[in-house]
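In case you want the letters, here they are:
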Amino acid sequence: MPDVVILGDPRSTYVRTARLACEEKGIAYELKPMGPKSDELTRISPFGKIPGFQHGDFRLHETLAIVMYLESAFDAPPLLPADAQDRAIAFQWISSANDYFYDAMVRGYILQYAMPSGPDGQPNRTLIDAAMPRIRHQLAVLDHAFGNARWLAGTELSLADLFVAPMLAYLPLLPEDLPADHPNVRRFLDDMAKRPSWEKTVPPLPGR
Ligand SMILES: N[C@@H](CCC(=O)N[C@@H](CS)C(=O)NCC(=O)O)C(=O)O
């Protein structure tokens, strides 16, 4: 049994980020599927957020802390660029994902379909419509940032891509299909989909 354990629901974008980092680095791990309010999780993650993380007796919460630990504690391929400017750009996008993309794309939109809170159990149109302009702006910014580049920071896949991609991945599955208007974002998702790490971490969704 691997001594690295990731605790959380595999549908969570942040759980997927932590798993993708392990997969890309070739670090064996066990996924313990559980929700954010379970007792085992809250003993590790006191704010009730997934993922939680264990490496032997060492415990962590917060995805950025987890992937940075993976980055420095294991002799494994790096997921941050060596170049100072590219590395800073990676953190620029990680911060944008944490502070802006998650709120608009996941809280304001994806979760409105996954856990509908509108009348008659339907997606809450008011909340979705409110999130739309922010998401469209974020996608336009990302599309421009990618330009002809494959990855967000430097010439190789980095942690920046692993934070952003799981959030973007749900968008083509929803009725608005927002990435359709953003070819560079769509190309990025197509490139991610070719990676074994991506296939191994596909969220278990109904009908898949
Ligand atoms: N700051 C946390 C955020 C993690 C997070 O928001 N996880 C979501 C799932 S993607 C969650 O636990 N949501 C449950 C809730 O808010 O009750 C991190 O970076 O790990």
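Here goes a summary of the coordinates provided. This is a predicted model, so every value here is computed, not measured.

1. Overview of the site of the ligand
In the vicinity of the ligand, the contacting residues are Ser12, Thr13, Tyr14, Pro36, Gly48, Lys49, Ile50, Glu62, Thr63 and Leu64. Taken together, the elements giving at least two residues each to the shell around the ligand come down to α1 (13-25) and α3 (63-73). Split into classes, the residues belonging to the shell around the ligand amount to four nonpolar, four polar and two charged.

2. Thoughts on the sheet that holds strand β3 (residues 52-55)
Ordered by their spatial adjacency, four strands build an open sheet running β2-β1-β3-β4, and the pairing between neighbours is mixed. Two strands lie at the open edges of the sheet, namely β2 (30-32) and β4 (58-61), each paired on one side alone. For this sheet, the mean angle separating the axes of adjacent strands, direction not counted, is 20°. The pairing of β3 with β4 spans four bridges and is classified as antiparallel.

3. Details of the environment of Trp198
Assignment of secondary structure puts Trp198 in helix α8 (residues 196-200). Residue classification places Trp198 among the buried residues on the basis of 20 C-beta atoms within 10 Å. Between the C-alpha atom of Trp198 and that of Leu20, which follows or precedes it by 178 residues, the distance is 6.9 Å. Once residues lying within four places of it in the same chain are set aside, the contact partners of Trp198 are Met192 and Ala193.

About the criteria used
Residues numbered from 1 in each chain as written. Predicted model: local features only at pLDDT ≥ 70, side-chain atom pairs only at ≥ 80, totals over all residues. Near = placed C-beta within 6 Å. Helix = DSSP H or I, 4+ residues; strand = E, 2+ residues; numbered from the N terminus. Nonpolar A, V, L, I, M, F, W, Y, C, P; charged D, E, K, R; others polar. Pairing = 2+ DSSP bridges. Axes fitted to C-alpha atoms, helices over the stretch in contact; angles between N-to-C directions. Buried ≥ 20, exposed ≤ 12 C-beta atoms within 10 Å, placed from the backbone. Contact = placed C-beta atoms within 7 Å.

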